[in-house]
Amino acid sequence: MKKSLGNGDFLNTILDKIPFPIFLMDDDVKIHVYNLAAISLFDIELYRVNKVGCGDAFNCVYSMPDGCGGSEACKECVIRNSARKSYGGSKVVREKADIQLVRGNKVEQIQMLVTTELLKYNDELYAIVILENISVDHKDKQG
């Protein structure tokens, strides 16, 4: 079941209409809330997504075997670093990221633009993370 923003049915409806994956992540880059567009990135059952690292939910090649944030490559992760910059008081606007996801027995390369900003909701701080897929294959499917 998709995690919601509490009683914010109106907010959830707005988020779900936006065609880009949107996440609310904690300072450890764990997913707390996501919109419908984000589901296309997940490679795990939806009931397991809450409070899971984004690399684990997406099945990032670098999240294995130690989990999201556990490999040396994770230190350079644009999504991770952008979310953390938000917690440091900065926002990130459309920073390019090359992401490698395991799909079946293939590695899929996706290019994303990452935008983040800090959001306070119900006395909790979250990084709102917006991902725009700019991969060539993705554009061809839309046109």
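All of these numbers come straight from a predicted model, not from anything done at the bench.

Asks: Residue-level account of the confidence of the model for the protein chain, with values.
Replies: The predicted model of the protein chain averages 88 in pLDDT, with 90% of residues at 70 or higher. For the protein chain, the element scoring lowest by mean pLDDT is helix 4 (residues 136–142), at 53; helix 3 (residues 78–87) scores highest, at 96. Low pLDDT, under 50, characterises residues 138–143; the predicted model gives this stretch two contacts beyond four residues in sequence or across chains.

Asks: Please provide a residue-by-residue account of the packing of aromatic side chains, values included.
Replies: Describing an aromatic ring pair means giving the distance of the ring centres and the angle of the ring planes. Tallied over the full model, the rule gives four aromatic pairs. One aromatic cluster in this structure is built from Phe23, Tyr34, Phe42 and Phe58.

Asks: Describe the side chain of Thr115, with residues and values.
Replies: Structurally, Thr115 is set in strand 4 (residues 106–121). Classification of Thr115 as buried rests on a relative accessible area of 19%. A polar contact is formed between the side chain of Thr115 and the backbone nitrogen of Arg94, at a distance of 3.0 Å. Those residues in contact with Thr115, other than ones at most four positions away along the chain, are Val92, Val93, Arg94, Ile128, Val129, Ile130 and Glu132.

Asks: Describe in detail helix 3, supporting the description with residues and values.
Replies: Within the span of helix 3, buried status applies to Val78, Ile79, Arg80, Ser82, Ala83 and Ser86. Where helix 3 is buried, its residues meet strand 1 (22–25), helix 2 (54–58), strand 3 (92–103), strand 4 and strand 5 (124–133). Of the residues flanking the end of helix 3, it is Gly89, one or two places downstream, whose phi is positive at about 100°.

Asks: Tell me what's going on with the state of the cysteines, and back it up with residues and numbers.
Replies: In total, this model carries zero disulfides according to the counting rule given. The structure places no disulfide on Cys77, whose sulfur is separated from the nearest cysteine sulfur, that of Cys54, by 5.5 Å. Residue class for Cys77 comes out partly exposed when judged on its relative accessible area of 25%.

Each value, and the rule that gives it
Residues numbered from 1 in each chain as written. Predicted model: local features only at pLDDT ≥ 70, side-chain atom pairs only at ≥ 80, totals over all residues. Heavy atoms only, no water. pLDDT = per-residue confidence, 0-100. Helix = DSSP H or I, 4+ residues; strand = E, 2+ residues; numbered from the N terminus. Contact = heavy atoms within 4.5 Å. Phe/Tyr/Trp six-rings, centres within 6.5 Å; stacked < 30°, edge-to-face > 60°. Buried < 20%, exposed > 50% of the residue type's maximum accessible area, 1.4 Å probe, protein only. Polar contact = N/O pair within 3.5 Å; in protein donor to acceptor, adjacent residues only side chain to side chain. Disulfide = S-S within 2.5 Å.

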